[in-house]
Amino acid sequence: MRSYSLSSTPDAGRYRISVKHEPHGTVSGYLTTQLRPGAILDAAAPRGDFMLGEGTGPVILLSAGIGLTPVLSMLHELAVRDSDREIWWIHGARRPRKHPLAAETHALLTSLPHTHEHVFYTTARPEERRRTRAADGRLTKDKVVALSVPADATAYVCGPATFMADMQHALTAAGIDPARIHTELFGAMPSINRQPGHPTSPQGRPEPARW
C-alpha cells in the first residue's frame, strides 16, 4: 500500500497524483514507467486530514521537493474559487530540473490577485537562478523571517520531517501561532472512515477505480 497526495482539485470524477520516481522504488517505478492509460487500480478510502481550511485570512503554502503536491492541490482549490486571500507560496528545491510542476504553479499564482512567490534553489547555477528569479540556498529560519510573512496567516507545510520541524520553528519565530501551522508527514495513515477500503465497499476492500 502507498499513499499519495492529490496534486490538483478533483474535477468531474478525475483525480491527479504526482509521483516522484525513486531509483529503487518498487511502486513509484511501476507507476512512472509501466502503468498505461486504461489500467484499473485499487484505491482505498482517503487518509489523513491535511487539507485547506475555510477562512479569509492569509495562507502560507510552504514545501520542499515533491512535498509541494498537497499544497499545490490547495493552490488549485484557491484558484478554482477565484480567491482574493493573500497567498504566500514558498518552496525549496535543488535546481530547476528538480522542481516539479514549477510552470503550473507559477501560472496559478499569476492568475490570482494577491500572491507572493518565493523559490529557493540550493545547487542551481547563477544563470538558472536569474532565469527563474529564484533565491540562492536552502530555506532557513532567518530566510523565512526575512520574508515578513503575515503573523495572522494559516500555514500548510509539507516535505521531509527535518524540513517540516525547521519550518515550524521558523514560522513560530515569524510570529505565527503554532496552532495555525499544519503539516503532513509522508506515509500512510488510518483510513478516515475507519475501513480499509471505500465506504461503499461491502467487504471493506478497496474499490476499483479507473485512472
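### Digging into the sheet that holds strand β4 (residues 115-121)
Move 1: Reading across the sheet, the 6 strands line up as β5-β4-β3-β2-β6-β7 and stay open at both edges, with parallel pairing between neighbours. Of all strands in the sheet, those bounded by a partner on one side alone are β5 (135-136) and β7 (181-184).
Move 2: As paired elements, strand β2 (residues 59-64) and strand β3 (residues 87-93) share 6 bridges and run parallel to each other. If you follow I60 over to β3, its bridge partner there is W88.
Move 3: In this fold helix α6 (residues 161-173) packs onto β2, β6 (154-158) and β7, with an angle of close to 160 degrees to the strand it touches most, β6.

### Comments concerning the pairing of β6
Move 1: For β6, the buried fraction is high: 5 of the 5 residues fall into the buried class.
Move 2: The side-chain alternation of β6 yields two buried faces, one formed by T154, Y156 and C158 and the other by A155 and V157.
Move 3: In terms of strand pairing, β2 meets β6 through 5 bridges, oriented parallel. Residue pairing for β6: L62 is matched across the bridge by V157.
Move 4: Taken together, β6, α6 and β7 form a β-α-β motif whose crossover is right-handed.

### Points about the side chain of S83
Move 1: Position of S83 among the secondary structure elements: in the loop between α2 (68-80) and β3.
Move 2: Given a relative accessible area of 8%, S83 falls into the buried group.
Move 3: Each residue touching S83, except ones within four places of it in the same chain, is listed here: L78, L112 and P113.

### Overview of helix α3 (residues 102-110)
Move 1: Those residues of α3 not exposed but buried are T105, L108 and L109. Each buried residue of α3 lies within a common arc of 100 degrees when the element is viewed along its axis, so the set occupies one face. Of the exposed residues in α3, the ones pointing more than 90 degrees away from its buried face are A103 and T110.

### A look at the layout of surface pockets
Move 1: Roughly 260 Å³ of volume is contained in the second largest pocket.
Move 2: H99, A102, A103, H106, E117, H118, V119, Y121, R131, T132, R133 and A134 together form the lining of the second largest pocket.
Move 3: Secondary-structure elements contributing two or more residues to the lining of the second largest pocket are α3, β4 and α4 (126-132).
Move 4: The element best represented in the lining of the second largest pocket is β4, accounting for 4 residues.
Move 5: Partitioning the lining of the second largest pocket into residue classes produces 5 nonpolar, 4 polar and 3 charged.

### Re the packing of aromatic side chains
Move 1: Under the defined criterion, the tally for this structure stands at 1 aromatic pair.
Move 2: Here the aromatic rings of F50 and Y156 are separated by 6.0 Å at their centres, their planes lie at 75 degrees, and the arrangement is edge-to-face. Taken together, the residues F50 in the loop between β1 (40-43) and β2 and Y156 in strand β6 connect sequence positions 106 residues apart.
Move 3: Residue classification places F50 among the buried residues on the basis of a relative accessible area of 12%.

About the cut-offs
Residue numbers run consecutively from 1 along every chain, following the written order of its sequence. The predicted origin of the model limits local features to residues at a pLDDT of at least 70 and limits the giving and counting of side-chain atom pairs to 80 or more, whereas totals for whole chains, interfaces and linings rest on all residues. Heavy atoms throughout the structure, all of them, feed into the side-chain values; hydrogens and water do not. Two strands qualify as a pair provided DSSP detects at least 2 bridges between them. Numbering goes from the N terminus for both helices and strands, where a helix is a DSSP run of H or I of at least four residues and a strand is a run of E of at least two. The contact rule is simple, with two residues in contact once any of their heavy atoms fall within 4.5 Å. Axis geometry follows a simple rule: fit a line to the C-alpha atoms, using only the stretch in contact for helices, then measure angles between N-to-C directions, giving values from 0 to 180 degrees. Type-normalised accessible area, obtained with a 1.4 Å probe on protein chains alone, sets the label of each residue: buried when under 20%, exposed when over 50%, and partly exposed for intermediate values. Here, the term right-handed applies to a crossover whose path from the first strand over the helix to the second runs clockwise when the strands point away from the viewer. The arc under discussion is defined with respect to the helix axis, by the directions toward the C-beta atoms. Definitions used throughout: a 1 Å grid over protein atoms alone; a cavity as a set of points that fits a 1.4 Å probe which cannot get out; a pocket as an open set with protein on both sides within 12 Å along at least five of seven lines; a lining residue as one with an atom within 4 Å of a point. Grid points are joined across faces, edges and corners, and a volume is the space filled by probe spheres set on the points. Classification convention: Asp, Glu, Lys, Arg as charged; Ala, Val, Leu, Ile, Met, Phe, Trp, Tyr, Cys, Pro as nonpolar; all other residues, Gly among them, as polar. Paired rings are identified among Phe, Tyr and Trp, the last through its six-membered ring, by centres lying within 6.5 Å, and are further divided according to the angle between planes into stacked (under 30 degrees), edge-to-face (over 60) and tilted (the rest).

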